[in-house]
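Each chain, letter by letter, is given below.
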Amino acid sequence: MDCKKAGTLLRQLRTERGMTQREIAERLFVSDKAVSKWERGLGCPDISVLNNIADLFGVPVETLLNGELNPCGQNGGNMKRLKFYVCGECGNIFTAASAGEISCCGRKLSPLEAAAPDGGHTPKIENIDDEFYVTFPHEMKKSHYIAFAALTGCDRVYLQRLYPEQDAAVRLPRLSGAELYFFCSGHGLMKVKL
């Protein structure tokens, strides 16, 4: 941990919230002299206080240790660039319109890379009543199943969660130029242009 960089970041986070060093000190149960010392880069917070600092400022501990925020930049708004994340522990599904730092179950998640489906995963897509009816030739067992299907257009996304107990089928609104993403618990994320 670079104390100078961490101190600059702590000062930035404090001033963004319009708080004084004394207010920070009271919330963290330390002296305002300690907060001043940290902000001037003359020392670093003790490891026992890092979680409380991270919670107070709404940043990951890793950000405090690195001493810098990493803004993702402006997103042009095209939902076709959507990133999908799936927690390997609990199965939570996350999406982000641009790169982001996403964590679940104590682990940092990486965006999934979509592959083209192989023969065992190629969906059958039918147009029925202004909707796409999508069926997957895939077993739906707890050990191996399609976990979700998502339809992305330029300005919207429709995501439907699937469970092992149900059929491997979804109905999604029809969008022109859309892309269909789906996630197999055993083979990862796949994508088909519609």
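Residues numbered from 1 in each chain as written. Predicted model: local features only at pLDDT ≥ 70, side-chain atom pairs only at ≥ 80, totals over all residues. Heavy atoms only, no water.

> Which residues make up the pairing of strand β7 (residues 146-152), and what are the values?
Summarising burial for β7: 7 of the 7 residues are buried, a large majority. Relative to strand β8 (residues 157-161), β7 runs antiparallel, the two being bridged by 5 bridges. Pairing of Leu 151 across the sheet is with Tyr 158, part of β8. Remark: 4 residues form the turn of the hairpin made by β7 and β8, two consecutive strands paired antiparallel. (Buried < 20%, exposed > 50% of the residue type's maximum accessible area, 1.4 Å probe, protein only. Helix = DSSP H or I, 4+ residues; strand = E, 2+ residues; numbered from the N terminus. Pairing = 2+ DSSP bridges.)

> Break down the pairing of strand β6 (residues 131-135) for me, with residues and values.
Where strand β5 (residues 124-128) meets β6, 5 bridges bridge the pair, whose relative direction is antiparallel. What sits directly across from Ile 125, in β6, is Val 134. Hairpin geometry of β5 and β6 is characterised by an intervening segment of 2 residues between the two adjacent antiparallel strands and by a positive phi of about 50° at Asp 129. The pairing of β6 with strand β9 (residues 169-173) spans 5 bridges and is antiparallel. Across the sheet, Phe 132 pairs through a bridge with Leu 172, a residue of β9.

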